[in-house]
Amino acid sequence: MKIIHCPLNGPRNAQEFVHGGEVVAMPDPHRSSDAEWASFVFLENNVAGVVREWWCHVPTAYWFIAERDTVRDEFIRTYDASELFRERVEFTRPAAPKGDAPNGQGA
Amino acid sequence: MSLNPIDRRARSFLYRELMAAGASFAEINGQACAMRFGSDSLAELARARAMAICDLSPLRRTGYKGWATAEWLAAQGCRIEDAPNRVYGQDDGARIARLSRGEFVVLSDLAQSTTLPDRLDGAWSIASANGCFRVPRTDSSAWVVITGEHAASMFAKVCGVDLRPHTFVNHSIAQTSLARMNAIICRSDIGGTLAFDVVFDLASSVYLWGAFLDAMQEFGGKPVGLEAIRTLAGV
Amino acid sequence: MTSRLPEPFGALIDRSKPVSFSFEGRNVQGFKGDTIASALLANGVTMLSRSFKYHRPRGPLTMAGHDGNTLVQIGSEPNRQADRVPITSGLKVTGINYWGSLEHDRFALLGKVDRFLPVGFYYKAFYKPRWMWPYWEKLIRRVAGLGVVDLHSHHGYFDKEYLFCDVMVVGGGPAGLESALAASDAGGEVILVDENRMLGGSLNYARFDAAGERAKIERARLVAAVEARSNIRVMTETICNGAYSDNWYPLVRGNRLYKLRAGETVIAVGSYEQPLIFRNNDVPGVMLGSAVQRLIRLYGVKPGSRAVVAAANDDAYGVALDLLDAGIEVACVTDLRSDPPSAPLADAVLKKRVPVVAGSTIYEVESGSEGRGVRAVRLAKVTSEGQAAAKGDSFACDLVAVSTGYAPMAPLISQSGGTFAYDAASSMLAICSLPDHVIAAGSLNGAYALDATLEDGRRAGFEATRNSQPASAAVPTVRADKGAAGITYPFPIFSHPRGKDFVDLDEDVQVKDLEHAMLEGYEHIELLKRFTTNGMGPSQGRNSSMPAVRLAARTLKQSIDATGTTTSRPPVMQVKMGHLAGRSFEPVRYTAMHFRHLEAGAKMMSAGLWMRPEFYGDHARRAELIRAEAKNVRENVGMIDVSTLGGLDVRGPDAAEFLNRMYTFAYTKQPVGRSRYVLMTDQAGVITDDGVACRFHDDWFYVTATTSGVDAVYRQMLWYNAQWRLKVDITNVTAAYAGVNVAGPNARAVLQKICTDADLSKEAFPYMGVREATVAGIRSLLLRVGFVGELGYEVHVPASEGEALWDALMEAGKESGIRPFGVEAQRVLRLEKGHIIVSQDTDGLTNPLEADMAWAIAKTKPFFVGMRSIEIQSKQPLTRKLVGFEITDRTQPMPKECHLVVRGREITGRVTSITDSPAVGKIIGLAYVALDQSEPGKTFEIKVDGGKLVSAVVVKLPFYDPDSKRQEL
């Protein structure tokens, strides 16, 4: 069984973790096209190489980011999510009609 | 005459197991706590030194979490350092387990001489909470202590983390899976005897208690009462 | 009867302790320390089993647990290895795979018709016509089978343990012992694992010098040194049964499976001695030279009285010397090499005037009646590698010892990611790459000469601990000539025109079977393996894989490397089901009132990890009891344990904003003291959970979630806020609260009795109100909710006081006739109210529009998870809709959940919930139907068990109390 280095708990058996999918930026829910939105919801990049993923250490419900080489099946680096997500994210609904006002979708 | 656990409103989830094993109870914090099993206190003490489990669920404990919790606890006079997954002893015997940057469990001492959990809970309110939130650890989590020279070997049968005494040093914490249930394991030796506090989901009390007894059978392990543990601690 | 040899032969047996057991019903006497096989051979029993396909007699081949010939049945345990299992008093052993008796197997005739049973025969002959296969299968399974599984056998206690060490050394032979010592020098913790009872490996049975002294001396030195080290833990009789990522190994010892995590691993498991293939090479009495040596030295068993030794290296001459020492006549040594070089052991054999026939192989074994034993061996001159001229001299004998080559024990290396390539100089596979933290040593690493083996072991142990060795320590060196060249015959296969030249004894695969398979196009080594089943039997190709590769390479005129080897996967050795299935942990969660339910006669059911009361009372009266429980809620008052319901404290200045984003409804303006429905969708707009959000403070929501969904909801919330960074804290307090829902027209009266500090009147505490109060002296959260459609209060209290609350409510409700109700009655009641259960009435695709829950979606919020997808879905026509239906015709069979809604040949939906409603007096349910079937009054058909169509009518929800007067009392 693989060992995953949890930034909070140190090296642990992979059994203690769940995979949370790739780190992908959500498109602006008000301004993206239906196709862009569908692609975000349903499609995976499935890169052969280094990917950035969400992992959760289940006993502590702690989410972190891992960079993993999917070809070599190796974890390269793991770190706290705050390294990537530093700012509070705000959502605003654009004033009708749609698309007229700027909206502050971050991340 | 031993107290009957059902004579008090608050009850350990393990009281039936403890009664069946022949516990004598006394009141602690308004509920029945198993103080001893049988009359041979020397044998019980010897067991506590070799391989034993003791239900500490009636003992006071509390928890706090949130982004500003460390600051709030410090303001309440608690001494804690930055490293997570460590147990920080307090002057009055209380222990604060730092689980992460923002989450803490406060355990009282075996003699129940500390007032820290009550003091903190008294000082806190939702109205004044500022990034620090109370976690009802007394209600959400069972608390047992596993003691004795065989304790680490017993854990090796239910836990995938290396808890051998020379790698998992005193005051270390492992938040992991125990017999497939999430648990917090804190090493806090008692008077020179290897000891692990285990704080885990209250609802799995009966299940994990059974798993522990099963795993400690080969080491002759059995439940002991609080008195034996207090004797280990010299209180 | 073959006699026992005197001491010092028999290192493993204790002659002062006779042990008797039974084989095939006959009493057999052995000694403590004997295996079943050694005790049987000591008693002249050479046939242990019948072969898989042709039912030919078989005896021990390796005496090391490396062949499939020794599988026996021990009581209810099938397929134990007779050459590994020690005898114990009273053990009942029987052979396997025969019809009648092991001695007189009526299926043995199959061997005479083998030309009609080529490989692939089953695939080809029995599948047409297809309907006949079940009949054939029954027969084939009986003819070609191994032991008998006893479905009623006693469950053994098998458990697991985790182990950790700095260095694990697998293999307790000369290389492993030296490795362990070198690694232990560095001061770390070393675990030394060996599958045998005694450390020493080949030092225990093999011969390294003419005098036969070297092994003894080296073994004594090494074992004493290892035993003196406090940092080496020795685990004998322990099988390292596979290699997994990051140095993770399963170790099997007795009834325990250890899961070991090593910092570094030294694999020094050695080599398999390899068989020589000739006609009748499977007859009992034909053994590997090392098997003969094990019998003599470990068990003091004289395996025959007159032997022929087939040789292609000097070790074979060591076997001959051992035979002579044991008083066994050596009829001849037939050396496959045309010009055997002078070597210490060969020279000693020549000195003893044993006839040595050079350049000659065994052509065939002449056996006794029905292949029961060796009678004579006929030799043939080797004309080229693997080719022999027809018949040469015949030698009468009862034992054939074969020492013609080795193969590295590759599995652990291959499984850990190491690779092998063919080394033409040694005619063996050799390691060409190793993964990090895995080191090979000894003969596995090509070090065959004892001195090289010892040196290589030291080197490996040092390398594994290089970083912690003293800086001054010299790096151990290994001599250049490691003794691998010239000890393995390049093509040890001498096929015979009349066959019975077995490549794989487990599966009765002959040379021609492999050749035919390749003719049919199964040229790839993996296909060849699967089509012929070569290497797929119990011994997993340990003896047959390399010969098959050599044969394929030669037939296909390609190199061994181009031919390749088959993939090695765990387990390395057979593993008991008990090790995999035994003593696994099955967590179960009890509520505070669990034992009160049991005392009240509840039938419990699982809900996730929780146990919940399904209903109370006798199973025979199930339906009636559930109706009565429901009726008592509708007409009087009932109470149900809702402790398993998920509970999340969402706190902080952004709590309302956070809920706004997580759930479809709007929460920012929700007043304190009120609850509001929560519906969660994922980014695809699919419903994932529901519950209520109770606002106890501006900054504090207590949010409920479904029993089975709360852990996922909690994890999702944390995940989203790891990105949003809102000032909110989420705590899973599910276990912290015990909850009871008191419901029914008399609920207020009952609760008010023990709730002293809160006015429960409609005005003071309306429907969907929430408050803190004291109930039976316990601080509580009170929620006015209406899941079952009656006046109701959920009382949530600290879990440790849950049992006391239950008792107090039962007592307070006594005069009203309060009764507990279970999950089944609750399901009936909520269905009557038309409330959905997420994951029962929704599936992995259900969006809120299909579930007719558009009312729960706030349309003007800036964002919630799933919002955009739902907006997109709302612009498209629905493909199905969840509707309420009723069935009035009681002569029809009642549909069940998941029965399909059909229209002609089209499936338009399915039933998700159905009940015979006591309150409505009809059969009611929820079903997905096509949009044009979804208007109230429309009828649709449900296909029930047996294919009958039952007609149902769509009705408006809810079925019961449409104006919701009762829950708002």
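What counts and what doesn't
- Residues numbered from 1 in each chain as written.
- Chains lettered and ligands numbered in written order.
- Predicted model: local features only at pLDDT ≥ 70, side-chain atom pairs only at ≥ 80, totals over all residues.
- Heavy atoms only, no water.
- Phe/Tyr/Trp six-rings, centres within 6.5 Å; stacked < 30°, edge-to-face > 60°.
- Helix = DSSP H or I, 4+ residues; strand = E, 2+ residues; numbered from the N terminus.
- Buried < 20%, exposed > 50% of the residue type's maximum accessible area, 1.4 Å probe, protein only.
- Domains from an automatic or database assignment.
- Contact = heavy atoms within 4.5 Å.
- Buried area = accessible area lost by both parts, 1.4 Å probe.
- Salt bridge = Lys/Arg side-chain N within 4 Å of Asp/Glu carboxyl O.
- Polar contact = N/O pair within 3.5 Å; in protein donor to acceptor, adjacent residues only side chain to side chain.
- Nonpolar A, V, L, I, M, F, W, Y, C, P; charged D, E, K, R; others polar.

Enquirer: What am I meant to see in the packing of aromatic side chains here?
Expert: The relation between two aromatic rings is expressed through the spacing of the ring centres and the mutual angle of the planes. All names here are of chain C. Scanning all chains against the criterion turns up 33 aromatic pairs over all chains. Measuring from centroid to centroid gives 5.0 Å for Tyr720 and Trp724, while their planes differ by 25°, and the two rings are stacked. In this pair, Tyr720 and Trp724 are both assigned in helix α19 (residues 710–724), 4 residues apart and thus about one turn of the helix distant. The residues Tyr720 and Trp724 share a single accessibility class, namely buried. Both rings, one in Trp724 and one in Phe863, keep their centres 6.1 Å apart while their planes meet at 85°; by these two values the pair is edge-to-face.

Enquirer: Sorry, what's going on with the domain arrangement of chain B here?
Expert: Where interface size is quoted, it is often the accessible area lost as the parts come together. Residue and element names in this part refer to chain B. Domain annotation of chain B identifies domain 1 (5–59 + 140–233) and domain 2 (61–138). Taking the mean C-alpha position of each, domain 1 and domain 2 sit 22 Å from one another. Listed by partner, the interface residues are 25 residues for domain 1 and 18 residues for domain 2. Overall, the association of domain 1 and domain 2 removes approximately 1,800 Å² of surface from exposure, summing both partners, and the carbon and sulfur fraction of that is 53%. Of all residues in domain 1, Leu59, Trp143 and Ile173 give up the largest surface area on contact with domain 2, accounting jointly for 29% of the area buried on that side. The interface formed by domain 1 and domain 2 contains 1 salt bridge. Remark: the boundary between domain 1 and domain 2 carries 14 residue pairs in polar contact (both at pLDDT 80 or more). Counting only elements with at least two residues in the side of domain 1 that touches domain 2, the list comes to β9 (141–147), β10 (173–178), β11 (181–187), β12 (195–201) and α8 (226–233). Among the elements that line the side of domain 1 that touches domain 2, the one with the most residues is α8, at 4 residues. Of the residues contributing to the side of domain 1 that touches domain 2, the split by class is 14 nonpolar, 9 polar and 2 charged.

Enquirer: Any chance you could explain the environment of Gly160 of chain B here in plain terms?
Expert: Locating Gly160 of chain B in the fold gives a position in the loop between α6 (151–155) and β10. In this structure the C-alpha to C-alpha distance between Gly160 of chain B and Ser177 of chain B, which are 17 residues apart in sequence, comes to 7.5 Å. Setting aside residues no more than four positions away along its own chain, Gly160 of chain B makes contact with Asn13 of chain A, Ser177 of chain B together with Tyr162 and Phe164 of chain C.

Enquirer: When you look at the interface of chain C and chain A in this model, what are you seeing that I'm missing?
Expert: Contacts between the two partners involve 32 residues from chain C and, on the opposite side, 36 residues from chain A. The junction of chain C with chain A conceals about 2,800 Å² of combined surface from both sides, 53% of it contributed by carbon and sulfur atoms. In terms of surface lost to chain A, no three residues of chain C exceed Arg715, Arg725 and Arg868 of chain C, which account for 24% of the buried area on that side. Across the contact surface, chain C and chain A share 5 salt bridges. Asp34 of chain A is the partner of Arg868 of chain C in a salt bridge, and the nearest nitrogen-oxygen pair spans 2.7 Å. For the pair chain C and chain A, the number of links is 16 residue pairs in polar contact (both at pLDDT 80 or more). Broken down by secondary-structure element, the contributors of at least two residues to the side of chain C that touches chain A are α18 (655–662), α19 and α23 (867–874) of chain C. For the side of chain C that touches chain A, the leading source of residues is α19 of chain C, giving 7 residues. Of the residues belonging to the side of chain C that touches chain A, the class tally is 14 nonpolar, 5 polar and 13 charged.

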